Every structure is written in C-alpha cells, then in structure tokens.
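Close look at the chain arrangement
If you want the building blocks of each chain, they are given just below.
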Amino acid sequence: MHWRLFATLAETAGEDRVSVDDAETVGEALDALLSAHPALESEVLDDDGSLVDHIRLLHDGDDPFAAGDGLDTPVSPGDELALFPPVSGG
Amino acid sequence: MVDLDPEQLDRYSRHVIMDDVGPSGQAALLDASVLVVGAGGLGSPVLQYLAAAGIGRLGIVDDDAVERSNLQRQVLHTDDDVGRPKVDSASEFVADLNPDVTVDAYETRLTRDNADELIADYDLVVDASDNFGTRYLVNDACTLAGTPVSHGAIYRFEGQVTTFSGEGPCYRCLFPSAPPEGAVPDCATAGVLGVLPGTIGCFQATEVVKWFLDEGESLDGRLLVYDASEMSVDEVPIAPNPDCPVCGSEPVLSSVTEAAYDGRCSLSESADD
C-alpha cells in the first residue's frame, strides 16, 4: 500500500508518495510512514500520540474515523492512504 | 424577479439561450448579492466572472493596497494601481465590465466586530481571503447566520475548494482548528504559482453561479483538492461533525464576538493555543 502526502506534508517528507509494507491497520501504516519519515511526526501527531485534528486522513477515499474503526481500520496491500493539511493562501 | 431589458438580453444571450439558465436563471443572477472577502489572487477571477455573469450586487472587503508583487496573479489590478486600495481598482474593474452590477466597496479588514453586519446584507459569501484567522471568522459568522460560503485556498501548486450551504457541515467539521502558527506558510512566505488562484477562483465562481441557478451538483460535503503540478484532483469527504462547536448538535459558539481569531482559532477550551 502507499501513502499520498499533500502540501506541507509532502515537502517535509521530500516526496508525495511513500510505499509501506507489512501494515495490517491504518495505525500500523501510519507508524510505518512515520518511521520512514520521522520529520513528519511533529506535524502529524499531537503530544499524546494521536492524529492532530487539523489534518484529514483518508483510506481509499474514505475517512476511517467516520466510516471505519479509525486507526484500527484494516488495510490491504494495494490500498491508498492520504494525509491532507489545510492551506490558507489566497 | 427582474425582467431582462433588450440590452441585458443581448449581454447575457449565451446564458439566456441555455435551457439550464434561460431568462429566469439570468434574472436570478441579477437578483443575487455576493460578498467577496479578499480582492487578491482568488478574489480577482471570482469578481471578474461574477461581474460578467451579472450578479446584481457585489460587496468587496479588503484593507490592502496593491503591491507590485501582487500583479503576478491578482489580475484585477494593473501596474498603475500599485499603491492604491485594492477595493478601488477592483470596484473600477467591475463597473467598467458590467453596468448592471452594483458594487459595495469596504476598505476594511473583516473582523469579529463588523462580520455579522457585513454578511447579513448578502445572499452568499466567497472566502477569497489569505489567512486562517479570516477563514475561521468567515466560517463561524456565516454558519451562525445560515449564509452559504464558497471556500477556496491555495498553497504553491495546490488548491482546495468547497461550498458550505450554511446549514452544516462547515469548515470546522473538516478542520476543527488551524495548524500551529508557521506550520502552513502563506503565499508571501511560500510563494504560489501565479495561475493557481485563477483556477481555484474560477471553481469558486462556478459554484456561486450554480448556487443561484440551483443547477447541478454542488461541492457541499466534499473538498476538491487540485494539484496543478500533477494535474490531478482528489476529493476529501466532509461529513457533519456532531461535536462541531459551530454546527454540531450542541454548539458552543453563539456569536463570533465570543471567539478569538488568531493562533489556532480554536473553540475548544482544552486545545492549546
């Protein structure tokens, strides 16, 4: 499966697509992303280790926090995950 | 409803001959009023196309003067306008383009103190601002008033655009609070591809015109994310958040004068600002 990163997150990671293996859940896939790109952690997780509330996470186009079991939502090889921060320019 | 005069039947003939617009659709546009917050990169194409389409009354809120560095993307303003208030060059552009449009120019920043009064006078608000504070203020004031909002925002090669009906979900259902200061830089710091606000602003103008025509599928409930570099579009679903402090089942905000629109713009007491 792979992650797609948008705006500032892609710049922090230095790439906008990151492949991860061996993840069974959205949370494990997120852990794998953050191990591949540790600089993302402070932008994506808050002090207690949960996803910051100003970033939206999608799993195959759906919000797993609304439509699934959040970070426990199962993932399969080939799935696409994405992280979207807000932007403000005009 | 307005009756179209012969000059209007000519000016708007390409609308009038469309079955989905027709004389009644054009009359609805002439009867509409829109407040555009920001006469910059996004506000330029929004004002140009809404004026051309014959939106009957356009309000323009901006407290900035034109700078030369704006001209790479803010196509309402010209080199001769450098140093002049943006609302002046924007108003002149609209007046020159279409005498059917009444322009209300407000050379001011949108604030907690003037937002309710300004918004109350319009059918719809376009958020073409350039900072998170104004964006959360527009969202909160319009959601409390039940006023629809066209939202657009840009960063380098990427743009985000959606439409909020005013009934919820709202921008806070999508992004409950702003990122920490500096985490998502503005155009002055990060730069922006000059044509990007043209694309995103045209999406916003499209949504506004459709709104008044009551035509097609609105972006209500989904954020369109456009990447000019990849020429790709993604959609982020926007579900109503029952815990939303503005449009949820137990809202905590009853007036924008109670909130602070700086830092994280957070409405939850537990969040660290």
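Above this text you will find the structure in question.
Description of the structure in this document. Note that the structure is predicted; figures quoted are calculated from it, not measured. (Residues numbered from 1 in each chain as written. Chains lettered and ligands numbered in written order. Predicted model: local features only at pLDDT ≥ 70, side-chain atom pairs only at ≥ 80, totals over all residues. Heavy atoms only, no water.)

What follows concerns helix α7 (residues 132-145) of chain B. Residue and element names in this part refer to chain B. Spanning 14 residues, α7 covers 20 Å between terminal C-alpha atoms, matching the ideal 20 Å at 1.5 Å per step. Taking burial as the measure, the 14 residues of α7 include 12 buried ones, the bulk of the element. Among the residues making up α7, those that are buried are Phe132, Gly133, Thr134, Arg135, Tyr136, Leu137, Val138, Asn139, Asp140, Ala141, Cys142 and Thr143. In the core, the buried residues of α7 are packed alongside β1 (33-37), α6 (115-120), β4 (124-127), β5 (149-155) and α8 (171-174). The distance from a side-chain oxygen at the start of α7 to the backbone nitrogen of glycine 133 is 3.2 Å, and the residue carrying that oxygen is asparagine 131. Just beyond α7, the residue with positive phi is glycine 146, at close to 75°. (Helix = DSSP H or I, 4+ residues; strand = E, 2+ residues; numbered from the N terminus. Expected span 1.5 Å × (residues − 1). Buried < 20%, exposed > 50% of the residue type's maximum accessible area, 1.4 Å probe, protein only. Contact = heavy atoms within 4.5 Å. Polar contact = N/O pair within 3.5 Å; in protein donor to acceptor, adjacent residues only side chain to side chain.)

Before going further, it helps to spend a moment on the interface of chain A and chain B. Each side of the interface is counted separately: chain A has 19 residues, and chain B has 37 residues. Ranking the residues of chain A by area buried against chain B places A:Val87, A:Ser88 and A:Gly90 at the top, with a combined share of 29%. The tally of links from chain A across to chain B stands at 2 salt bridges. Between B:Asp234 and A:Arg4 there is a salt bridge, and its shortest N-O distance comes to 2.6 Å. Counting every contact that joins chain A to chain B gives 15 residue pairs in polar contact (both at pLDDT 80 or more). For the side of chain A that touches chain B, the secondary-structure elements that each account for two or more residues are α1 (7-13) and β3 (56-59) of chain A. In the side of chain A that touches chain B, the residues fall into 7 nonpolar, 6 polar and 6 charged. (Buried area = accessible area lost by both parts, 1.4 Å probe. Salt bridge = Lys/Arg side-chain N within 4 Å of Asp/Glu carboxyl O. Nonpolar A, V, L, I, M, F, W, Y, C, P; charged D, E, K, R; others polar.)

Residues and elements named next belong to chain B. Reading across from one edge, β3-β2-β1-β4-β5-β6-β7-β8 is the order of the 8 strands in this open sheet, with mixed pairing throughout. Of all the strands in the sheet, just β3 (102-106) and β8 (232-237) have a single pairing partner and so form its edges. Sheet twist, expressed as the mean angle between neighbouring strand axes with direction ignored, is 15°. Sheet topology places strand β2 (residues 57-61) next to β3; 5 bridges connect them, and they run parallel. Pairing of valine 61 across the sheet is with tyrosine 106, part of β3. (Pairing = 2+ DSSP bridges. Axes fitted to C-alpha atoms, helices over the stretch in contact; angles between N-to-C directions.)

Purely spatial values, then, with no claim about function.
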